[in-house]
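The primary structure of each chain is shown beneath.
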Amino acid sequence: MVEVISVVLVILGVLLGSYTSRNRPAEKDVLKDLGFTSSHRWGGSNEVASPNAAQFYSPRNRIGSESYPELTIFSTLFSQGESTFPQDNTRIFAFKNVNGKYPRFILTDESTALKTKIQYEDYPDFSNIFNLCSFGSSDNLNLVKHLFDNTLLHDDLFKDMKQICSDYITIESDGNHIFYYWKYHLFYAQNFPKIISKLTRFHKTYLDITLD
């Protein structure tokens, strides 16, 4: 009896997946409707550097839109282990700074060994969940400390960003771009308007500052 129920559940799962695939518009059509097109090469290169060592692989499927000139979206691989078959598994939303430089940092909830983990005694929940690390000079460190010393920013990370994905977001800056992503989540294009709207608001409210 248990075996029969298992077989029925598998069949129902396959049928549901097939129905969903047939009724979900092709991504390229959705992207076209939203005004997205294939994007140019990344700064004249196929590589995207990450402040967190060699974390990014070559970006794939780069797209952009005239409606969001500072935003490039691409997919990339984050390895889940040596035995993992390589595949694109994460969407990256990258905002370019056209007026100067961003402070360099990484904010992640992963248990990554960080050289200079920034702690906030006044915000234990934030410091217990997120690892925050700056890169470069002491001036950059002070700027990153000040940047994330913000109760409203923390509230948005815990609430608004969690409405997009059940996992906590990772945010990185290489000085020229700020990358927003949820590791191992390759979002459908249908979700782009909601994600971009929330990320744009968050970006412009808290992180869109420049360094001379």
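Here is what the cut-offs are and how they apply
- Residues numbered from 1 in each chain as written.
- Predicted model: local features only at pLDDT ≥ 70, side-chain atom pairs only at ≥ 80, totals over all residues.
- Heavy atoms only, no water.
- Helix = DSSP H or I, 4+ residues; strand = E, 2+ residues; numbered from the N terminus.
- Buried < 20%, exposed > 50% of the residue type's maximum accessible area, 1.4 Å probe, protein only.
- Contact = heavy atoms within 4.5 Å.
- Areas by Shrake-Rupley, 256 points an atom, 1.4 Å probe, with all protein chains shown as cover.
- pLDDT = per-residue confidence, 0-100.
- Arc of directions from axis to C-beta.
- Salt bridge = Lys/Arg side-chain N within 4 Å of Asp/Glu carboxyl O.
- Pairing = 2+ DSSP bridges.
- Axes fitted to C-alpha atoms, helices over the stretch in contact; angles between N-to-C directions.

(A) Structural detail: the overall build of the chain. Along its length, the chain carries six helices and eight strands. Listing each helix as α and each strand as β along the chain from the N terminus yields α-α-β-β-β-β-β-α-β-α-α-β-β-α. Sorting the 212 residues of the chain into buried and exposed places 42% on the buried side. Intrachain contacts of the chain at a sequence separation of at least 6 include 63% that bridge at least 24 residues. For the chain, the exposed area adds up to about 12200 Å²; of that, 52% sits on carbon and sulfur atoms.

(B) Seen up close, the confidence of the model for the chain. On average, the chain scores 77 in pLDDT, and the residues at 70 or more come to 69%. Confidence scores differ between elements of the chain, with helix H1 (residues 2-23) showing the lowest mean pLDDT of 42 and helix H5 (residues 151-158) the highest of 95. The model gives residues 4-24 a pLDDT under 50, and that stretch makes two contacts with residues more than four places away or in other chains.

(C) Up close: helix H4 (residues 138-147). Within H4, burial applies to Asn140, Leu141, Val144 and Leu147. Seen along its axis, H4 keeps its buried residues to an arc of 125°; they face one direction. In H4, the exposed positions angled more than 90 degrees off the buried face are occupied by Ser138, Asp139 and His146. Buried positions along H4 lie against strand E5 (105-108), strand E6 (131-134), H5 and helix H6 (192-207).

(D) Broad picture of the pattern of salt bridges. Summed over the entire model, instances satisfying the criterion amount to three salt bridges. Between aspartate 156 and arginine 201 there is a salt bridge whose closest N-O contact spans 2.7 Å. With a gap of 45 residues between them, aspartate 156 in helix H5 and arginine 201 in helix H6 connect regions that are remote in the sequence. Judged by relative accessible area, aspartate 156 falls into the buried class, the value being 13%. Note on arginine 201: relative accessible area 36%, which makes it partly exposed. Between lysine 198 and aspartate 160 there is a salt bridge, with its nearest N and O atoms 2.7 Å apart. Of this pair, lysine 198 sits in helix H6 while aspartate 160 sits in the loop between H5 and strand E7 (170-173), and the two are 38 residues apart along the sequence. Members of the salt-bridge network, linked through shared partners, are Asp156, Asp160, Lys198 and Arg201.

(E) Representation of the sheet that holds E6 in the model. On the basis of which strands lie adjacent, the open sheet formed by eight strands has the order E1-E2-E3-E4-E8-E7-E5-E6 and antiparallel pairing. Looking along the sheet, the strands with just one partner apiece sit at the ends: strand E1 (36-38) and E6. Strand-to-strand twist across the sheet, computed as the mean angle between neighbouring axes with direction ignored, equals 20°. Where strand E4 (residues 90-96) lies against strand E8 (residues 177-181), four bridges are found, and the strand directions are antiparallel. If you follow phenylalanine 93 over to E8, its bridge partner there is tyrosine 180. Sheet strands touched by H6: E1, strand E2 (60-65), strand E3 (68-76), E4, E5, E7 and E8. Its angle to E4, the strand with the most contacts, is close to 40°.

(F) Summary view of the environment of isoleucine 129. Residue position: isoleucine 129 is located in helix H3 (residues 124-129). Residue isoleucine 129 is classed as partly exposed on the basis of its relative accessible area of 29%. Each C-alpha atom, one on isoleucine 129 and one on tyrosine 168, is 8.9 Å from the other, the two residues being 39 residues apart in sequence. If we ignore the near neighbours within four places in the chain, the residues touching isoleucine 129 are Thr108, Asp109, Phe158 and Tyr168.

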